[in-house]
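# Coordinates in review
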Amino acid sequence: MSYSLKIVLNHEEDTQRLAQALAQHVQAGVIYLIGDLGAGKTTLTRYFLQSLGHKGSVKSPTYTLVEPYKINNKEIFHFDLYRLNDPYELELMGIRDYLDIQDALFLFEWPSKGGDEIPQADIVIDIQKSDDELNRFVTLTLPTEHLYQTLQEQLHD
């Protein structure tokens, strides 16, 4: 069973707040980031990694497909599959080597392009732009009621 939490991001500070809340409770597993170009997937990822303790820039792995991070002895992999033509390309680039790392955190932008080569998500973050593109409507699909309740309390105060 999964739990769906809907929030509105009116400002970039709201995106940062969401990232900070997630970072407090999620340090391992698979997160899918869904949304159109410019929806804020990489921005959310940047704030999330910074909230976990990353110092330095966070660049989109659009051309490299994956950007690895080691934060506080934790392995984190940020994948951007936008330019992927065939999911099998992930196998050729050695995705299994990444996925075999225990207790790692995997962030996948454009997961639909990964097909069966990527694991199922523990958390799905769907970011949709408003018609005027000023606000973002976010739907978080969460694996536990506890995480749902905790984030709801933190984000809806």
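The protein chain goes by tRNA threonylcarbamoyladenosine biosynthesis protein TsaE in an unreviewed UniProt entry, where it is assigned to Acinetobacter genomosp. 33YU. According to the UniProt record, the Sequence similarities (unreviewed entry) comment for the protein chain is "Belongs to the TsaE family."

### Observations regarding the overall build of the protein chain
Within the protein chain one finds five helices and seven strands. Secondary structure elements of the protein chain, listed N to C terminal, follow the sequence β-α-β-α-β-β-α-α-β-β-β-α. For 157 residues, the compact-globule estimate of 2.2 N^0.38 gives 15 Å, and the C-alpha radius of gyration of the protein chain, at 15 Å, lies within 12% of that figure. Based on the C-alpha atoms only, the size of the protein chain along its principal axes is roughly 45 × 35 × 35 Å. Counting only residues that meet the buried cut, the protein chain has 47% of its 157 residues in that class. At a minimum sequence separation of 6, the contacts of the protein chain that also span at least 24 residues come to 66%. Working note: accessible area of the protein chain is about 8400 Å², and carbon and sulfur atoms make up 46% of it. Positive and negative charge centroids in the protein chain, built from 13 and 24 side chains respectively, lie 5 Å apart.

### Description of the pairing of strand β4 (residues 74-80)
With six of seven residues buried, β4 is to be regarded as a mostly interior element. Looking at chain direction, strand β3 (residues 66-71) and β4 are connected through six bridges and run antiparallel. Paired with Y69 across the strands is I76, a residue of β4. Connecting the antiparallel pair β3 and β4 is a turn made up of two residues, with N72 showing a positive phi of about 50 degrees. Where β4 lies against strand β5 (residues 105-109), five bridges are found, and the strand directions are parallel. In the strand pairing of β5, I76 is matched with L105.

### Section: the pattern of salt bridges
Throughout the structure, instances matching the rule amount to four salt bridges. Across the salt bridge formed by R96 and E91, the nearest N and O atoms sit 3.3 Å from each other. Taking relative accessible area as the criterion, R96 reaches 33% and is therefore assigned partly exposed. Given a relative accessible area of 29%, E91 falls into the partly exposed group. Residues R96 and E117 are paired through a salt bridge, measuring 3.3 Å at the closest nitrogen-oxygen approach. Here E117 lies in the loop between β5 and β6 (123-129) and R96 lies in helix α4 (residues 95-99), a separation of 21 residues in the sequence.

What counts, and at which threshold
Residues numbered from 1 in each chain as written. Predicted model: local features only at pLDDT ≥ 70, side-chain atom pairs only at ≥ 80, totals over all residues. Heavy atoms only, no water. UniProt positions renumbered as here; feature names shortened; annotations may be inferred. Helix = DSSP H or I, 4+ residues; strand = E, 2+ residues; numbered from the N terminus. Rg over C-alpha atoms; globule rule 2.2 N^0.38 Å. Buried < 20%, exposed > 50% of the residue type's maximum accessible area, 1.4 Å probe, protein only. Contact = heavy atoms within 4.5 Å. Areas by Shrake-Rupley, 256 points an atom, 1.4 Å probe, with all protein chains shown as cover. Lys, Arg positive; Asp, Glu negative; His and termini not counted. Charge placed at Lys NZ, Arg CZ, Asp CG, Glu CD. Pairing = 2+ DSSP bridges. Salt bridge = Lys/Arg side-chain N within 4 Å of Asp/Glu carboxyl O.

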